[in-house]
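Observations on the model geometry
What follows is the residue order along each chain.
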Amino acid sequence: MTTLPPYAALLGLAVEPGDEAPVLVMPFDDAVIGRPGFLHGGAIAGLLEVAAIAALQQALAVEGGGRIKPVNVTIDFMRGGRDKPTRAAGIVTRLGTRVANVEAVAWQDDRSRPIAAARMNYLLVRG
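Thresholds applied
- Residues numbered from 1 in each chain as written.
- Predicted model: local features only at pLDDT ≥ 70, side-chain atom pairs only at ≥ 80, totals over all residues.
- Heavy atoms only, no water.
- Helix = DSSP H or I, 4+ residues; strand = E, 2+ residues; numbered from the N terminus.
- Rg over C-alpha atoms; globule rule 2.2 N^0.38 Å.
- Buried < 20%, exposed > 50% of the residue type's maximum accessible area, 1.4 Å probe, protein only.
- Contact = heavy atoms within 4.5 Å.
- Phe/Tyr/Trp six-rings, centres within 6.5 Å; stacked < 30°, edge-to-face > 60°.
- Lys NZ or Arg CZ within 6 Å of the ring centre and 35° of its normal.
- Expected span 1.5 Å × (residues − 1).
- Core = buried A, V, L, I, M, F, W, Y, C linked by side-chain atoms within 4.5 Å.
- Patch = residues over 30% accessible without salt bridge, like charges linked within 9 Å, V, L, I, M, F, W, Y side chains within 5 Å.
- Areas by Shrake-Rupley, 256 points an atom, 1.4 Å probe, with all protein chains shown as cover.
- Salt bridge = Lys/Arg side-chain N within 4 Å of Asp/Glu carboxyl O.
- Pairing = 2+ DSSP bridges.
- Polar contact = N/O pair within 3.5 Å; in protein donor to acceptor, adjacent residues only side chain to side chain.

**A few points about the overall build of the protein**
Regarding its fold elements, the protein presents 2 helices and 6 strands. Listing every helix and strand of the protein by position from the N terminus yields α-β-β-α-β-β-β-β. For a compact globule of 127 residues, the expected C-alpha radius of gyration is about 14 Å, and the protein comes in at 14 Å, within 12% of that figure. A burial count over the protein gives 37% of its 127 residues as buried. Sequence separation of 24 or more characterises 65% of the internal contacts of the protein that already satisfy a separation of 6 or more.

Right under this line is the structure:
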């Protein structure tokens, strides 16, 4: 089981069961509204960041664990998030000794039509 940061509870995130990288679900709620009927960009970015952290924690657990420190985050917003649940998953593209690169994607109805994507780099402290 992946331990999510406290911000995940603020967003109302839940983890869907699965064998691969965790898929996080964020319900549409007053706490994540930006303009009427749409998700706030910060909520989408937070969902992507937590999805990346969950994927990286899972990958690190296989190799004995470690701590992470974000270096940089780039978010691409592709379309507005509507008033429905939003899902996100992270993909570890490189897991080195000291640095990890992670991508994350958020979608609503169709995973092949993302509403946003992120690229993140993390420093690792193994141990």
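**A look at the packing of aromatic side chains**
Each aromatic ring pair is described using two quantities: the centre-to-centre distance and the angle formed by the ring planes. Under the criterion given, the structure shown has 0 aromatic pairs. Above the face of the Phe 38 ring, Arg 35 is positioned so that its terminal group lies 3.7 Å from the ring centre.

**What to know about helix α2 (residues 41-62)**
A rise of 1.5 Å per residue sets the reference length of α2, with its 22 residues, at 32 Å; its end C-alpha atoms lie 32 Å apart and thus fit the reference within 8%. In the segment just after α2, Gly 64 is the residue with positive phi, at about 100°.

**Considering the nonpolar core**
Ranked by internal contacts, the top residues of the largest apolar core, which has 29 residues, are Leu 13, Met 26, Leu 47, Leu 48, Leu 56 and Tyr 122. The leading source of residues in this core is α2, at 11 residues. Setting aside residues no more than four positions away along its own chain, Leu 47 makes contact with Leu 11, Leu 13, Leu 24, Met 26, Thr 86, Arg 87, Ala 88 and Ala 106.

**Focus: a nonpolar patch on the surface**
Residues Val 71, Val 99 and Leu 123 make up a contiguous nonpolar surface patch of roughly 210 Å² in combined accessible area. Checked against the element boundaries, Val 71 lands in strand β3 (residues 66-77). Note on Val 71: relative accessible area 52%, which makes it exposed.

**Describing the pairing of strand β2 (residues 23-26)**
Neither face of β2 is exposed, since Val 23 and Val 25 on one face and Leu 24 and Met 26 on the opposite face are all buried. Note: strand β1 (residues 14-16) against β2, 3 bridges, orientation antiparallel. When the bridges of β2 are listed, Ala 14 appears paired with Val 25. The pairing of β2 with strand β4 (residues 86-95) spans 4 bridges and is antiparallel. Note that in β4 the partner of Val 23 across the bridge is Ala 89.

**Let's talk about the environment of Arg 119**
Mapped onto the secondary structure, Arg 119 falls in strand β6 (residues 116-126). On the basis of relative accessibility, which here comes to 38%, the residue Arg 119 falls in the partly exposed class. As a C-alpha pair, Arg 119 and Ile 91 span 28 residues in sequence and 9.6 Å in three-dimensional space. Discounting chain neighbours no more than four positions away, the residues touching Arg 119 are Asn 72, Val 73, Thr 74, Asp 76, Val 102 and Glu 103. Looking at Arg 119, its side chain comes within polar contact range of the side chain of Asp 76, at 2.8 Å.

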